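# Architecture and fold: a report
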Amino acid sequence: MKRVVVGLSGGVDSSVTAYLLKEQGYEVIGLFMKNWHDDSVTISNQCPWLEDSNDAMIVAEKLEIPFQVVDLSEQYKERIVDYMFDEYEKGRTPNPDILCNREIKFDVFMKIALQLGADFIATGHYCRKSEEEIDGKSVYKLLAGKDVNKDQSYFLCQLSQEQLAKSLFPIGELTKPEVRKIAKYADLITAEKKDSQGLCFIGKVRLPEFLQQKLQPKEGKIVQIPEDFSEVHKSIPTFENKEAELIYFSQKYSYKKSDGKVVGKHQGAHYFTKGQRKGLAVGGTKEPLFVIETDVHENIIFTGEGKNHPGLYRNVLFVSNDEIHWIREDLALKSGEIMKVNARIRYRQALEIATLYKVENGLFVEFENQQSAIQEGQFVAWYHQDELLGSGVIF
């Protein structure tokens with residue numbers, strides 16, 4: 001009998017994952033990951049991890065499977081939280097959920113599971129895995145979940161062949177309503193439980209307050225850049241080759257304080273990200289202001305009026321060589337090669353038509369359409385139909 005360790009999070013998805021695996025005849029063990037216990041930065045006065053671990057334990061009892069809590073808070077702080085602080089400080093926007101999967105669930109957690117003699121680990125992600133023999137070798141594919149509204153393949157865009165080989169995603173073929181129905185049928189306490197929001201396993205966190213523990217508030221100016229800003233409307237030069245063109249269009253606009261007018265104050269440029277509307281507290285404009293750029297060195301936030309402000313848009317981004325990650329290593333591009341793909345730069349974004357261009361020092365992703373708020377530090381993921389082929393951190 002194959003042994004599977006399930007990451008029981010105390011939610012309905014992982015509960016049903018454990019139930020289905022047991023029904024399929026696996027020997028199932030439930031493990032709850034405790035990743036954070038600094039309660040001073042959660043939004044509500046409840047203690048989310050305690051409540052969740054309790055629910056996970058009740059589900060394990062109901063399913064009659066062994067259960068234990070593993071404390072990974074030290075690794076989580078080191079690999080996720082410190083990284084987040086570091087990225088925000090540089091004026092970049094990290095994606096802790098993707099990192100949590102790569103570094104914690106499918107690395108630290110997986111190693112613990114394998115020490116317990118597991119053949120696989122399983123999680124409640126809405127995605128699917130398939131296997132194909134290519135050139136005499138098993139190649140694992142990461143596919144989008146059947147439920148288009150819940151597809152979570154993007155969050156797993158940094159997984160490797162080794163990690164996929166040992167992973168199971170039993171609810172990937174189901175929709176959320178079907179999962180809840182199964183939970184109800186199996187009489188699981190989590191059947192009606194609301195989906196958790198917020199950081200992977202930290203619970204609902206007030207981000208500015210979370211960041212303020214390490215990044216000190218520092219008053220600065222909010223500058224509004226007019227829509228007819230000359231940088232945006234300058235004439236496009238002629239390019240000697242495609243790479244020169246891609247370099248040109250991947251550059252973000254650079255603004256100075258003198259390019260616009262000061263419209264307000266903020267408490268630290270590193271608390272804001274491109275495309276953000278909330279938290280600016282500046283009135284008097286016909287349309288709301290959006291952050292179009294932050295300068296953490298000068299501590300200035302540049303804003304534009306309305307979500308169609310040209311400063312928010314560009315259609316080319318760059319990923320440096322050391323940040324390119326192929327799940328399908330067999331399809332990795334060599335310098336000079338191109339590939340037509342569908343890509344997204346954030347979770348829940350509809351897939352957009354794009355072309356990958358591999359150059360000597362990295363990879364350009366050129367979208368057919370202009371993309372709003374391309375943000376350094378975020379992940380771009382590229383697909384062929386419903387298969388996620390690879391991803392990279394936006395430079």
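Refer to the structure above for everything that follows.
Residues numbered from 1 in each chain as written. Predicted model: local features only at pLDDT ≥ 70, side-chain atom pairs only at ≥ 80, totals over all residues. Heavy atoms only, no water.

## Quick look at the overall build of the chain
Regarding its fold elements, the chain presents 9 helices and 18 strands. Since a compact globule built from 395 residues should have a radius of gyration of about 21 Å, the 23 Å found for the chain is in line with a globular shape. When each of the 395 residues of the chain is scored for burial, the buried share is 54%. Sequence-distant contacts in the chain: of pairs separated by 6 or more residues, those separated by 24 or more amount to 70%. In the form shown here, the chain has an accessible surface area of approximately 18,900 Å², with 48% of it arising from carbon and sulfur atoms. Treating the 50 positive side-chain charges of the chain as one cloud and the 59 negative ones as another, the clouds have centres 4 Å apart. (Helix = DSSP H or I, 4+ residues; strand = E, 2+ residues; numbered from the N terminus. Rg over C-alpha atoms; globule rule 2.2 N^0.38 Å. Buried < 20%, exposed > 50% of the residue type's maximum accessible area, 1.4 Å probe, protein only. Contact = heavy atoms within 4.5 Å. Areas by Shrake-Rupley, 256 points an atom, 1.4 Å probe, with all protein chains shown as cover. Lys, Arg positive; Asp, Glu negative; His and termini not counted. Charge placed at Lys NZ, Arg CZ, Asp CG, Glu CD.)

## Here we look at the pattern of salt bridges
Here the structure, examined in full by the defined rule, presents 31 salt bridges. Residue Glu387 is joined to Arg328 by a salt bridge in which the shortest nitrogen-to-oxygen separation is 2.9 Å. Residue Glu387 is found in strand β18 (residues 387-393), and its partner Arg328 is found in the loop between β13 (324-326) and β14 (338-344); the two are separated by 59 residues along the sequence. Residues Glu387 and Arg328 agree in their burial class; the two are buried. Counted as one network, the salt bridges with shared partners bring together Asp13, Lys150, Lys176, Arg180 and Asp195. (Salt bridge = Lys/Arg side-chain N within 4 Å of Asp/Glu carboxyl O.)

## Some remarks on the sheet that holds strand β2 (residues 27-34)
Pairing is parallel in the open sheet, where 5 strands are placed in the order β3-β2-β1-β4-β7. Across the chains shown, the open sheet's two edge strands, defined by having one partner strand only, are β3 (67-71) and β7 (167-168). As paired elements, strand β1 (residues 3-7) and strand β4 (residues 120-122) share 3 bridges and run parallel to each other. Of the residues in β4, the one forming a bridge with Val5 is Ile121. Across the sheet, helix α1 (residues 12-23) touches β1, β2, β4 and β7, and the angle it forms with β1 is around 170°. (Pairing = 2+ DSSP bridges. Axes fitted to C-alpha atoms, helices over the stretch in contact; angles between N-to-C directions.)

## Some remarks on the environment of Ile189
For Ile189, the location among the structural elements is in the loop between α6 (176-185) and α7 (207-212). Sequence-wise, Ile189 and Ile394 are 205 residues apart; in three dimensions their C-alpha atoms are separated by 41 Å. With sequence-adjacent residues up to four places away left out, Ile189 is seen in contact with Asp55, Ile58 and Val59.

## A word on unusual backbone geometry
Peptide bonds are mostly trans, and most non-glycine residues show a negative phi. Phi is positive for Asp187, which is not a glycine, with a value near 60°. One can find Asp187 in the loop between α6 and α7. Using a relative accessible area of 52% as the deciding quantity, one classes Asp187 as exposed. Even without glycine at this site, Asn299 takes up a positive phi of about 60°. Inspection of the secondary structure puts Asn299 in the loop between β10 (289-295) and β11 (300-305).

## What about the packing of α1 against α6?
Contact geometry for α1 and α6: axes closest at 9 Å, N-to-C directions at 65°. As α1 packs across α6, the resulting crossing turns out to be left-handed. Residues Val12, Asp13, Val16, Tyr19 and Leu20 of α1 pack against Lys176, Val179, Arg180, Ile182, Ala183 and Tyr185 of α6. Looking at the contact of α1 with α6 residue by residue, the class counts come to 8 nonpolar, no polar and 3 charged. (Left-handed = near helix turned anticlockwise from the far one by under 90°. Nonpolar A, V, L, I, M, F, W, Y, C, P; charged D, E, K, R; others polar.)

## A short note on the sheet that holds strand β8 (residues 220-224)
Pairing is mixed across the open sheet formed by 4 strands, whose spatial order is β9-β8-β11-β10. Strand pairing shows two members of the sheet lacking a second neighbour, β9 (261-266) and β10, which therefore form its edges. Across the sheet, the mean angle from the axis of one strand to that of its neighbour is 30°, orientation sign disregarded. In this structure, β8 lies alongside β9, joined through 5 bridges in antiparallel fashion. Paired with Gly220 across the bridge in β9 is His266.

## As for the environment of Gln212
Residue position: Gln212 is located in helix α7. On the basis of relative accessibility, which here comes to 33%, the residue Gln212 falls in the partly exposed class. C-alpha separation for the pair Gln212 and His266, spaced 54 residues apart in sequence, amounts to 14 Å. Excluding residues within four positions of it along the chain, Gln212 makes contact with Pro217 and Tyr271.

## Here we look at the nonpolar core
Counting residues in each nonpolar core, the largest one holds 52 residues, and the members touching the most others are Ile104 and Leu142. Breaking this core down by element, the ones donating at least two residues are β2, α3 (73-89), α4 (96-115), β6 (137-144), α7, β10, β17 (379-384) and β18. With 9 residues, α4 is the single largest residue contributor to this core. Setting aside residues no more than four positions away along its own chain, Leu142 makes contact with Cys127, Arg128, Ser153, Leu156, Leu164, Phe169, Ile327, Asp386, Glu387 and Leu388. Grouped together as the second largest cluster of nonpolar side chains are 29 residues, Val4, Val6, Ala56 and Tyr126 included. (Core = buried A, V, L, I, M, F, W, Y, C linked by side-chain atoms within 4.5 Å.)

## Comments concerning the pairing of β10
Of all the 7 residues making up β10, 6 are buried; the element is thus mostly covered by neighbouring parts of the structure. In terms of strand pairing, β10 meets β11 through 6 bridges, oriented antiparallel. Among the inter-strand pairings, Thr294 is bridged to a residue of β11, identified as Ile301. Once β10 ends, the chain turns through 4 residues before running back antiparallel as β11, passing Asn299 with a positive phi of about 60°.

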